[in-house]
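Summary of the model geometry
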Amino acid sequence: MYFDGATNFKGVRIGAVLISKSGQYYPASAKIRFSCTYNIVEYEACILRIKMAVDINIKELLVIGDSGLLIHHVQGAWSTKNVKILPYMHCMKELYKKFTKIEFKHVPKIQKEFTDALVTLSSMI
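The notes below deal with the structure included here. As the structure is a computational prediction, the values presented were derived from the model and not from experiment.

Looking at the packing of aromatic side chains
- Per the stated rule, a full pass over the model turns up two aromatic pairs.
- Ring centres of Tyr96 and Phe104 lie 6.0 Å apart, and the angle between their planes is 65°; on these two criteria the pair is classed as edge-to-face.
- Overall, the relative accessible area of 24% leaves Tyr96 in the partly exposed class.
- On the basis of relative accessibility, which here comes to 8%, the residue Phe104 falls in the buried class.

Shown next as structure tokens:
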């Protein structure tokens, strides 16, 4: 699963794509209708797709994103006292209890062209 968020003059958009082992793509995008920081946008994008994976009963998931902060938070390498991010961290922890195996991997932005394109298309609508 790849996720990403974008902010521009038209608002805040999030996108994520789930890719099955057989190569089937399941994209999703949404518009955020409240003011938020880049880090919260990334959490919203990640949570959107993880909830969808739970809904279709996926038990093993590799989550890939360019948000070092989010990835390091869920891996337990970093902590935060930011009261706006704490609810997102708790939500993520509850969600990944629903999987037999879930792994989070940080990748540079350049390696996520499909998700970036999805978010860009979403922002044009």
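Focus: unusual backbone geometry
- For Asn57, which is not glycine, the phi dihedral falls at a positive 65°.
- Mapping Asn57 onto the fold places it in the loop between α1 (38-55) and β4 (60-65).
- Residue class for Asn57 comes out exposed when judged on its relative accessible area of 53%.

Details of the nonpolar core
- Ranked by size, the top nonpolar core spans 29 residues in total, and within it Phe3, Cys46, Ile50, Leu61, Val63, Met92 and Phe104 carry the most contacts.
- At the level of elements, β2 (11-19), α1, β4, α2 (68-75), α3 (86-95) and β5 (101-106) are the ones that each hand at least two residues to this core.

Brief notes about the environment of Gly65
- Examined against the element boundaries, Gly65 turns out to sit in strand β4.
- Residue class for Gly65 comes out buried when judged on its relative accessible area of 0%.
- Between the C-alpha atom of Gly65 and that of Met1, which follows or precedes it by 64 residues, the distance is 8.4 Å.

With respect to the packing of α1 against α3
- Two elements in contact, α1 and α3, have axes separated by 10 Å at closest approach and are oriented at 20°. With respect to α3, the element α1 is oriented roughly parallel. The handedness of the crossing between α1 and α3 is left-handed. Between α1 and α3, the contacting residues are Ile40, Tyr43, Glu44, Cys46, Ile47, Ile50, Lys51 and Val54 on the first element and Tyr88, Met89, Cys91, Met92 and Leu95 on the second.

Observations regarding the pattern of salt bridges
- For the structure on display, the rule yields one salt bridge.
- In this structure, the salt-bridge partner of Lys97 is Glu94, at a minimum N-O distance of 3.1 Å.
- For Lys97, a relative accessible area of 59% gives the class exposed.

Procedures and definitions
- Residues numbered from 1 in each chain as written.
- Predicted model: local features only at pLDDT ≥ 70, side-chain atom pairs only at ≥ 80, totals over all residues.
- Heavy atoms only, no water.
- Phe/Tyr/Trp six-rings, centres within 6.5 Å; stacked < 30°, edge-to-face > 60°.
- Buried < 20%, exposed > 50% of the residue type's maximum accessible area, 1.4 Å probe, protein only.
- Helix = DSSP H or I, 4+ residues; strand = E, 2+ residues; numbered from the N terminus.
- Core = buried A, V, L, I, M, F, W, Y, C linked by side-chain atoms within 4.5 Å.
- Axes fitted to C-alpha atoms, helices over the stretch in contact; angles between N-to-C directions.
- Parallel < 35°, antiparallel > 145°, perpendicular 65-115°, else oblique.
- Left-handed = near helix turned anticlockwise from the far one by under 90°.
- Contact = heavy atoms within 4.5 Å.
- Salt bridge = Lys/Arg side-chain N within 4 Å of Asp/Glu carboxyl O.

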